[in-house]
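# Structural overview
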Amino acid sequence: MKPLLSMILAASALVFSAQLAAQEDVRVQIHKELQEVGKLIGEKIAKIVEENAKKSNARIAELEKALKDKDSEIAELKKRLDALAKEIAKEVKKPEPAPAQPPALTPAFIGIAHLEPSADLQAKLNLKPGQGALVSTILPGGPAEKAGLKEGDIILQVAGKEVGSENLSQAIRAHEPGKEIELVLLRGAEKMAKKVTLEHREKFVAKITPPVQPPQPAKPVEPAAPAKKEKAVWGILVEEADSGLLIQMVEKELTGDVAQLKEGDVIKAVNGKGVANLAELREAFDKVFAGDQASLEILRKGEAVTVKVIAGRDKGQAKLVEAKAPPKPPAEPPKEPKPAAPAAEKKPAYLGLSVGEGDGKVEVLSIQPNSAAASFGIKEKDLIKEINKAAVKTIDDLKKGLEGKFAGDKVELVLERGGQKVVIGDFVLGAKGEKAAAAPEEKPKAAEAPKQPEAPKAKEKGYLGISAQEAEDGTVIVSEIAAGGPAEKASLLKNDVILKVNGMPVKNFDDMARALQGTGAGDTITLVVRRGDKEQEIKVTLGKAG
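An account of the accompanying structure is given in this report. (Residues numbered from 1 in each chain as written. Predicted model: local features only at pLDDT ≥ 70, side-chain atom pairs only at ≥ 80, totals over all residues. Heavy atoms only, no water.)

### A closer look at the overall build of the protein chain
From N to C terminus, the protein chain includes 11 helices and 30 strands. Across the 546 residues of the protein chain, 33% fall into the buried class. Within the protein chain, contacts between residues at least 6 apart in sequence are counted, and of these 53% link residues at least 24 apart. Of the roughly 35,400 Å² of accessible surface on the protein chain, 55% is carried by carbon and sulfur atoms. (Helix = DSSP H or I, 4+ residues; strand = E, 2+ residues; numbered from the N terminus. Buried < 20%, exposed > 50% of the residue type's maximum accessible area, 1.4 Å probe, protein only. Contact = heavy atoms within 4.5 Å. Areas by Shrake-Rupley, 256 points an atom, 1.4 Å probe, with all protein chains shown as cover.)

### Notes on the nonpolar core
Counting residues in each nonpolar core, the largest one holds 26 residues, and the members touching the most others are Trp234 and Ile267. Elements that contribute at least two residues to this core include exactly strand E9 (236-241), strand E10 (244-250), strand E11 (266-270), helix H7 (278-286), strand E13 (293-300) and strand E14 (303-310). By residue number, the principal contributor to this core is H7, which donates four residues. Apart from the residues within four sequence positions on either side, Ile267 is in contact with Ile236, Val238, Leu245, Ile247, Val275, Leu281, Glu297 and Ile298. Counting residues in hydrophobic clusters, the runner-up holds 25 residues, among them Val362, Ala374, Ile424 and Leu429. (Core = buried A, V, L, I, M, F, W, Y, C linked by side-chain atoms within 4.5 Å.)

### Some words on the pairing of strand E6 (residues 180-187)
Regular strands place their side chains on alternate faces of the sheet. Along E6, six of the eight residues are buried, which leaves the element largely enclosed by surrounding structure. With four bridges joining them, strand E4 (residues 154-158) and E6 adopt antiparallel strand pairing. In the strand pairing of E6, Ile154 is matched with Leu186. In this structure, E6 lies alongside strand E7 (residues 190-197), joined through eight bridges in antiparallel fashion. Pairing of Glu180 across the sheet is with Thr197, part of E7. Where E6 hands over to E7, the hairpin turn is made up of two residues, of which Gly188 adopts a positive phi near 70°. (Pairing = 2+ DSSP bridges.)

### Let's talk about the side chain of Glu251
Mapping Glu251 onto the fold places it in the loop between E10 and helix H6 (255-258). The exposure class of Glu251 is buried, given its relative accessible area of 3%. Of note is the side chain of Glu251, whose polar atom sits 3.2 Å from the side chain of Ser479. If near-sequence neighbours (up to four positions away) are discounted, Glu251 is found in contact with Gly235, Asp257, Lys315, Ser467, Ala468, Gln469 and Ser479. (Polar contact = N/O pair within 3.5 Å; in protein donor to acceptor, adjacent residues only side chain to side chain.)

### Considerations on the pattern of salt bridges
It is possible for side chains bearing opposite charge to pair when their charged atoms get close. The final tally for this structure, using the stated rule, is 20 salt bridges. With its nearest N and O atoms 3.5 Å apart, the salt bridge here joins Lys65 to Asp69. In this pair, Lys65 and Asp69 are both assigned in helix H1 (residues 2-90), four residues apart and thus about one turn of the helix distant. We classify Lys65 as exposed; its relative accessible area is 53%. Note that Arg187 and Asp153 form a salt bridge whose closest N and O atoms lie 2.8 Å from each other. Of this pair, Arg187 sits in strand E6 while Asp153 sits in the loop between helix H3 (143-147) and E4; the two residues are 34 residues apart in sequence, bridging distant segments of the chain. You can call Arg187 buried: its relative accessible area is 16%. For Asp153, a relative accessible area of 1% corresponds to the buried category. (Salt bridge = Lys/Arg side-chain N within 4 Å of Asp/Glu carboxyl O.)

### Overview of unusual backbone geometry
Even without being glycine, Gln260 reaches a positive phi, approximately 65°. Of note in this structure, Lys301 is not a glycine but carries a positive phi near 55°. Tracing the backbone through its elements, the reader meets Lys301 in the loop between E13 and E14.

### As for the packing of aromatic side chains
Under the defined criterion, the tally for this structure stands at three aromatic pairs. Geometrically, the ring pair formed by Phe376 and Phe427 is tilted, given 4.8 Å between the ring centres and 35° between the ring planes. Linking Phe376 in the loop between helix H8 (372-375) and strand E18 (383-387) with Phe427 in strand E21 (residues 420-428), this pair joins segments that are 51 residues apart in sequence. What makes Phe427 buried here is its relative accessible area of 0%. (Phe/Tyr/Trp six-rings, centres within 6.5 Å; stacked < 30°, edge-to-face > 60°.)

### Some points on the pairing of strand E25 (residues 476-481)
In terms of strand pairing, strand E24 (residues 466-470) meets E25 through five bridges, oriented antiparallel. Considered in E25, the bridge of Ile466 is made with Ile481. As paired strands, E25 and strand E26 (residues 497-501) are joined by two bridges and run antiparallel to one another. Residue pairing for E26: Ile477 is matched across the bridge by Val497.

### Focus: a nonpolar patch on the surface
On the surface, Val37, Ile41, Ile45 and Val49 cluster together into a nonpolar patch covering about 350 Å² of accessible area. Examined against the element boundaries, Ile41 turns out to sit in helix H1. (Patch = residues over 30% accessible without salt bridge, like charges linked within 9 Å, V, L, I, M, F, W, Y side chains within 5 Å.)

### Looking at the environment of Leu278
The topology assignment puts Leu278 in helix H7. In the structure, Leu278 is positioned 235 residues away from Ala513 in sequence and 9.0 Å away in space, judged by C-alpha atoms. Residues contacting Leu278, with those up to four places away along its chain left out, are Val238, Glu240, Leu245, Asp510, Ala513 and Arg514.

These values are about where atoms sit, not about what they do.
The structure is reproduced here in structure tokens:
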């Protein structure tokens, strides 16, 4: 057994030795592989480190280069700054150049005196502050007079350049005497251009200045001529009505408003002189100048009122002196013997109709009840062609035919009705406010004898709803529009210039009053107005007055 065991043990030892040898080989192999892996890792790390080092070195080199470049720029700027400082230190301060001189002005002139338009006139004509020069005086024989300029014109442009009163003279004197230039101006609300040839101021003055005369014996000193007065502006619109001269409109802050005149008042007298028609009223007003004291007798709701006022030309100038009604008579006035009845006084002739004119025709607009016209069958829209064989083409022609006539006198009237001629050979004139005598039984000679119409019902007074201003040239300009009134509803605007009413030209307040005669509440009238540079037609339905 022992040899077998020994063999077994020997074999086991050999096996174990072989196993140990095999394990050693494996261990050596593993160690070898580990060495190779470690070598590879080391090489990889070394390569990464080397690459990062190269990148870092390149970035550092780049930054160092940029820093050097900045240092170079700073050095260069410092060098330039030092050089500039030296130049500034050496430089001597130079004197400032003299301001440019304005062009020399010539002795050209147009022969006017001028001033700045008032604020009210600027607002009325839509002028800006400082725009335009108002011609106040024109030198006789001067360039402006020769060119057709008038006092009251407003010069807007000189040779295409806008001017005001402040620079008008400089604008003119920028041109040589003898040169023709164009002036753009406003006359009332109308814009126009005028060509004017400039003259030499000194030569013109020398031409109009009389030669020096030898000394003459001293003469007594005469008082200086008074300054030219300007007519007062009343700012009222008046029409001839049954009751007399009826006030239709009153513009605020002008003489009529300051005198406390109201719509519906009837003017009976001016400065103690009775006025019965528009011509007499205008004649009386023409004698009242700015600064004068004027008195008016008016009838207000049946009561006589006397007003005294210092008249003015512009808004805010007039001053009220007195406004009072006459004292009422005592309840039981003392009885006095009745004076002898005066001789019968002739009364002015009265036709009893209102008329309008246009295109050389005089048309009957309305007939007063119980008047001579109503008695003799004259109708609305009749055309008055002749009076006492004299042609009638204007209202003035008709008035001329009635001059020197009194109530009860007879005249011959020739009418046109529906294209046919109507002759009234013995038309008996009536008196205002009195019922006319009935027409004679003999009918007027006519192709178709007119029938006496029934007395028409009096129209209720119409209301337009505006205030208006009459300009220097008579132009009627809308100055105020009543809120909610007929004019506002018809789109009439402030500063519109009224040119026509129902086809009749309107050149002043009198024309407008005549055109409105015979109209009443509910009637539709046609206005032609100028708004800016354009004309347009506006229809207005009149409202009820009051």
